[in-house]
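Chain residues, written in single-letter form:
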Amino acid sequence: MEITKLEAAIEAILFTMGESVEIEKIAKAIQHDEDTTRKIIYNLMDKYQTEDRGIKIIELDNAFQMCTKPEMYDYLIKVASQPKRQVLTEVMLETLSIVAYKQPVTRAEIEGIRGVKCDHAVNKLIEYNLITEVGRLDAPGRPLLFGTTEDFLRKFGVQSLEDLPEISNDKYEDFKSEAEEEVQLKLDV
Amino acid sequence: MEITKLEAAIEAILFTMGESVEIEKIAKAIQHDEDTTRKIIYNLMDKYQTEDRGIKIIELDNAFQMCTKPEMYDYLIKVASQPKRQVLTEVMLETLSIVAYKQPVTRAEIEGIRGVKCDHAVNKLIEYNLITEVGRLDAPGRPLLFGTTEDFLRKFGVQSLEDLPEISNDKYEDFKSEAEEEVQLKLDV
Amino acid sequence: MGILVKLQVFEGPLDLLLHLIDKNKVNIYDIPIVEITAQYLEYVKSMDREDLNIVSEFLVMAATLIDIKSRMLLPKEVNENGEEEDPRDELVQKLLEYKMYKFMSLELKDRELDAGKAMYKIPTLPEEILQYEPPVDLDKLLSDVTLSKLNDIFQMVIKKQEDKVDPIRSHFGKIEKEEVSLPDKIEYIKDYAKMHKKFSFRKLLESQHTKMHIIVSFLAVLELMKTGTINIAQEKTFDDILITTV
């Protein structure tokens with residue numbers, strides 16, 4: 001096989017593995033002996049020397065690893081330290097409202113109310129520190145319980161959870177009679 | 001700064017991050033505007049096309065990510081562990097294609113097209129992070145709307161929704177003429 | 001006993017219809033509704049009745065087909081433009097749309113095959129950068145969220161949940177599926193047979209509390225006969241059956 005193809009294969013291997021890979025393994029993968037493999041890698045390493053490459057291959061004992069060139073470090077810090085774009089989606093708002101009013105609440109309960117999985121929303125809300133784990137339910141599997149954080153209370157200017165706008169029983173009754181009316185209408189038809 | 005240096009920086013960033021990185025972040029890191037950044041990345045992508053490269057850069061919506069070229073797969077599975085693959089059933093694929101092409105779409109719309117309930121498929125697709133809730137329809141009952149995720153783009157090798165295999169009136173026409181041909185054949189017999 | 005035929009499984013009524021249209025090599029725009037309806041009903045008849053949800057979806061389509069069939073017999077309806085309406089039109093549109101997405105799902109599957117071969121790399125950020133967590137700007141994040149909006153959202157979510165609860169059916173008692181396993185029942189009858197060398201089949205059934213228990217008991221007796229653990233005898237038709245342990 002052509003050398004270029006083998007170079008490509010080695011590049012792919014070192015990239016995917018991320019960590020150092022023994023020459024023995026690389027040789028097996030490209031089905032050549034270790035000496036030949038080593039020559040190909042050295043050749044590849046030379047190619048990486050050019051200015052337009054941000055990564056390089058280093059040799060460690062009998063292994064090789066791909067890593068960024070040290071002079072790239074500044075760029076990396078700039079990317080990694082950029083704040084993530086934070087948005088509250090409708091899904092997250094719904095989840096937040098359920099946690100606020102039903103806390104402490106399990107993931108399964110939230111899913112029961114919304115009718116869909118909510119892992120992503122819950123994780124994001126935890127990341128944004130709007131909700132947090134507050135314990136575990138004393139039930140099979142001991143599921144985690146979630147509640148709102150102090151940050152949440154502070155942000156909404158609520159002294160304590162009792163200050164949340166009330167969901168009155170009236171409202172529940174309203175919904176109920178509304179639903180019943182609808183059904184009645186259907187039956188009349 | 002020279003273009004080559006910037007290319008090197010982008011290569012280093014994409015290599016280190018491993019995950020997809022938004023164009024916005026890359027642009028900030030190399031201190032250029034997004035348009036220029038995009039041009040540099042496209043240029044870099046071209047360079048990766050050569051035979052001696054085993055990796056490439058893919059575009060996903062407004063982000064870029066580095067991955068191995070598919071033809072390297074055979075070498076890679078010899079060293080790397082096989083990536084976990086979710087098997088999609090026919091039902092899930094049908095549901096997914098409806099979401100992909102009609103998004104944002106409600107459960108009821110999907111069911112309307114398929115003629116069967118699809119709760120299980122929708123929930124599985126959410127669990128696999130191929131589709132996600134994207135909001136609610138402003139209609140009675142405010143039903144949830146679903147759309148595809150970045151994982152969907154990656155899994156199906158699609159750059160953006162515009163890049164989906166084309167669904168068009170042509171296809172309808174194809175089906176139509178196919179059907180007509182069949183009839184013609186019968187008449188000829 | 002009839003011959004067991006393994007039926008092809010269809011994803012839904014439209015899937016089945018497309019299959020029939022394909023099998024009969026007919027034009028989707030000119031479905032021979034009488035034949036197709038007959039074949040469709042034939043399939044539905046042979047369906048496994050276990051999952052009523054699935055069967056009922058196929059039945060809705062059956063009703064639609066019969067409706068179309070009967071309308072085909074009537075003089076054609078004319079629309080506002082004075083054109084004759086084909087009762088099959090709506091179904092044809094649905095079939096075409098479904099067929100299209102089914103086709104696209106295969107295209108997607110092809111793409112998946114190729115894209116699935118690309119491998120990625122886990123992030124290898126230096127530790128100190130990894131540790132960095134961008135602060136969350138709650139003010140910005142929650143800029144247009146007020147307490148009352150949160151309240152509205154919660155009520156909307158709750159209302160949605162209540163909408164889903166059928167007020168009539170929810171008043172019915174809960175029907176729980178009772179698990180009766182055949183191996184358990186076989187054990188039970190074996191024990192029973194140990195205590196009574198000779199016993200009445202009718203008595204055995206009378207001691208079963210639910211229909212499911214009776215059915216499974218019957219199956220268990222059949223099984224024990226097959227394995228030669230018990231013998232049965234019946235004098236006359238409709239007489240009680242006597243069971244003896246071998």
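Residues numbered from 1 in each chain as written. Chains lettered and ligands numbered in written order. Predicted model: local features only at pLDDT ≥ 70, side-chain atom pairs only at ≥ 80, totals over all residues. Heavy atoms only, no water.

## Focus on the overall build of chain C
Here's step 1: Helix and strand counts for chain C stand at 10 helices and 3 strands.
Here's step 2: Out of the 246 residues belonging to chain C, those deemed buried represent 35%.
Here's step 3: Considering only residue pairs separated by 6 or more positions, chain C has 54% of its internal contacts joining residues 24 or more positions apart.
Here's step 4: For chain C, the exposed surface amounts to about 16,500 Å²; the carbon and sulfur share of it is 56%. (Helix = DSSP H or I, 4+ residues; strand = E, 2+ residues; numbered from the N terminus. Buried < 20%, exposed > 50% of the residue type's maximum accessible area, 1.4 Å probe, protein only. Contact = heavy atoms within 4.5 Å. Areas by Shrake-Rupley, 256 points an atom, 1.4 Å probe, with all protein chains shown as cover.)

## Details of unusual backbone geometry
Here's step 1: Looking along the chain, the bond that leaves Gln103 of chain A and enters Pro104 of chain A is cis, with omega of -5°.
Here's step 2: Topologically, Pro104 of chain A is positioned in the loop between α5 (90–102) and β4 (105–106).
Here's step 3: With phi around 40°, Arg142 of chain A is a residue other than glycine that occupies positive phi space.
Here's step 4: The phi angle at Asn129 of chain B is positive, at roughly 60°, despite the residue not being glycine.
Here's step 5: By the secondary structure assignment, Asn129 of chain B is in the loop between α7 (119–127) and β5 (131–136).
Here's step 6: On the basis of relative accessible area, Asn129 of chain B is assigned to the partly exposed category, the value being 35%.

## Examining the interface of chain B and chain A
Here's step 1: Contact with chain B, which involves 47 residues of that partner, is made by 44 residues of chain A.
Here's step 2: Taken together, the two surfaces of chain B and chain A that pack against each other cover about 4,000 Å², and 61% of this comes from carbon and sulfur.
Here's step 3: If you sort the residues of chain B by the area they bury against chain A, Phe15, Tyr75 and Val79 of chain B come out on top, with a joint share of 17%.
Here's step 4: Taken together, the connections running from chain B to chain A amount to 7 salt bridges.
Here's step 5: Between Arg53 of chain B and Glu11 of chain A there is a salt bridge, and its shortest N-O distance comes to 2.7 Å.
Here's step 6: Put simply, chain B and chain A have 12 residue pairs in polar contact (both at pLDDT 80 or more) between them.
Here's step 7: When contributions to the side of chain B that touches chain A are tallied by element, the ones reaching two or more residues are α1 (3–17), β1 (21–22), α2 (23–30), β3 (63–68), α4 (73–79), α7, β5 and β6 (144–148) of chain B.
Here's step 8: Here the side of chain B that touches chain A takes 11 residues from α1 of chain B, the largest share from any one element.
Here's step 9: Among the residues making up the side of chain B that touches chain A, the classes are represented as 22 nonpolar, 7 polar and 18 charged. (Buried area = accessible area lost by both parts, 1.4 Å probe. Salt bridge = Lys/Arg side-chain N within 4 Å of Asp/Glu carboxyl O. Polar contact = N/O pair within 3.5 Å; in protein donor to acceptor, adjacent residues only side chain to side chain. Nonpolar A, V, L, I, M, F, W, Y, C, P; charged D, E, K, R; others polar.)

## Quick look at the sheet that holds β1 of chain B
All names here are of chain B.
Here's step 1: One open sheet accounts for 3 strands, arranged β1-β3-β2; its pairing is antiparallel. At either end of the open sheet lies a strand with only one pairing partner, and these are β1 and β2 (55–60).
Here's step 2: Bridging between β1 and β3 involves 2 bridges; their strand directions are antiparallel. For Glu22, the partnering residue across the bridge sits in β3 and is Ala63. (Pairing = 2+ DSSP bridges.)

## Focus: a negative patch on the surface
Residue and element names in this part refer to chain C.
Here's step 1: Where like charges cluster on the molecular surface, the negative patch consists of Glu77, Glu80, Glu83, Glu85, Asp89 and Glu90.
Here's step 2: Locating Glu85 in the fold gives a position in the loop between α3 (52–73) and α4 (89–115).
Here's step 3: According to the relative accessible area criterion, Glu85 is partly exposed, its value standing at 34%. (Patch = residues over 30% accessible without salt bridge, like charges linked within 9 Å, V, L, I, M, F, W, Y side chains within 5 Å. Lys, Arg positive; Asp, Glu negative; His and termini not counted. Charge placed at Lys NZ, Arg CZ, Asp CG, Glu CD.)

## A short note on the confidence of the model for chain C
All names here are of chain C.
Here's step 1: Residues of chain C with pLDDT of at least 70 account for 86%, and the chain-wide mean is 79.
Here's step 2: Here residues 1–6 is modelled with pLDDT under 50, and outside its nearest four sequence neighbours on either side it reaches 0 contacts, counting other chains as well.
Here's step 3: Among the prediction metrics, the complex's ipTM stands at 0.70, with pTM recorded as 0.70. (pLDDT = per-residue confidence, 0-100.)

## Some details on the interface of chain B and chain C
Here's step 1: In this assembly, 59 residues from chain B lie in contact with 40 residues from chain C.
Here's step 2: Counting the surface lost from both chain B and chain C, the interface buries some 4,600 Å², and carbon and sulfur atoms represent 64% of this.
Here's step 3: Across the contact surface, chain B and chain C share 5 salt bridges.
Here's step 4: Lys102 of chain C is the partner of Glu90 of chain B in a salt bridge, and the nearest nitrogen-oxygen pair spans 3.1 Å.
Here's step 5: Counting across the interface, chain B meets chain C through 10 residue pairs in polar contact (both at pLDDT 80 or more).
Here's step 6: Every element with two or more residues in the side of chain B that touches chain C is listed here: α1, β3, α4, α5 (90–102), α6 (107–114), α8 (150–155) and α9 (169–188) of chain B.
Here's step 7: Sorting elements by how many residues they give to the side of chain B that touches chain C places α9 of chain B first, with 9 residues.

## Thoughts on the packing of helix α1 (residues 13–23) of chain C against α4 of chain C
Residues and elements named next belong to chain C.
Here's step 1: At their nearest, the axes of α1 and α4 sit 10 Å apart, and the two run at 95° to each other. With respect to α4, the axis of α1 lies roughly perpendicular. On α4, the residues touching Leu14, Asp15, Leu17, Leu18 and Ile21 of α1 are Leu91, Lys94, Leu95, Tyr98, Lys99 and Lys102.
Here's step 2: Here the residues of the contact of α1 with α4 are counted per class, giving 7 nonpolar, no polar and 4 charged. (Axes fitted to C-alpha atoms, helices over the stretch in contact; angles between N-to-C directions. Parallel < 35°, antiparallel > 145°, perpendicular 65-115°, else oblique.)

## Focus on the pattern of salt bridges
Residues and elements named next belong to chain B.
Here's step 1: The full count for this structure, using the stated rule, is 37 salt bridges over all chains.
Here's step 2: Here Glu7 and Lys47 are joined by a salt bridge, their closest N and O atoms 2.7 Å apart. Taken together, the residues Glu7 in helix α1 and Lys47 in helix α3 (residues 34–47) connect sequence positions 40 residues apart.
Here's step 3: Lys47 sits in the partly exposed class, given a relative accessible area of 35%.

## A closer look at the sheet that holds strand β2 (residues 55–60) of chain A
Residue and element names in this part refer to chain A.
Here's step 1: Judged by pairing direction, the sheet is antiparallel, and its 3 strands sit side by side in the order β1-β3-β2 without closing on themselves. The sheet is open, and its two edges are formed by β1 (21–22) and β2, each paired on a single side.
Here's step 2: This element, helix α1 (residues 3–17), spans β1, β2 and β3 (63–68) of the sheet and lies at about 70° to β3.

## Description of α6 of chain B
Here's step 1: Regarding α6 of chain B, the residues found buried are Arg107, Ile110, Glu111, Ile113 and Arg114 of chain B. Looking straight down α6 of chain B, one finds its buried side chains confined to an arc of 160°; they lie on one side.
Here's step 2: Summarising the contacts, the buried residues of α6 of chain B are in contact with α5, β4 (105–106), α7 and β6 of chain B together with α1 and α4 of chain C.
Here's step 3: Of the residues flanking the end of α6 of chain B, it is Gly115 of chain B, one or two places downstream, whose phi is positive at about 75°. (Arc of directions from axis to C-beta.)

## A short note on the side chain of Glu59 of chain B
All names here are of chain B.
Here's step 1: Mapped onto the fold, Glu59 is located in strand β2.
Here's step 2: Relative accessible area serves as the criterion here: at 8%, Glu59 is assigned to the buried category.
Here's step 3: A distance of 3.0 Å separates polar atoms of two side chains, one belonging to Glu59 and the other to Arg38.
Here's step 4: A distance of 2.9 Å separates a polar atom in the side chain of Glu59 from a polar atom in the side chain of Tyr42.

## Looking at α5 of chain A
All names here are of chain A.
Here's step 1: For α5, built from 13 residues, the straight-helix expectation of 18 Å at 1.5 Å per residue is met to within 8% by its first-to-last C-alpha distance of 18 Å.
Here's step 2: When you tally the buried positions in α5, you get 11 out of 13 residues, the bulk of the element.
Here's step 3: Considered for burial, the residues of α5 that qualify are Val91, Met92, Leu93, Glu94, Thr95, Leu96, Ser97, Ile98, Val99, Ala100 and Tyr101. (Expected span 1.5 Å × (residues − 1).)

## Looking at the environment of Ser97 of chain A
Here's step 1: Within the fold, Ser97 of chain A resides in helix α5.
Here's step 2: Each C-alpha atom, one on Ser97 of chain A and one on Thr148 of chain A, is 9.6 Å from the other, the two residues being 51 residues apart in sequence.
Here's step 3: Ser97 of chain A has contacts with Leu150, Ile153 and Phe154 of chain C, leaving out every residue within four places of it along the chain.

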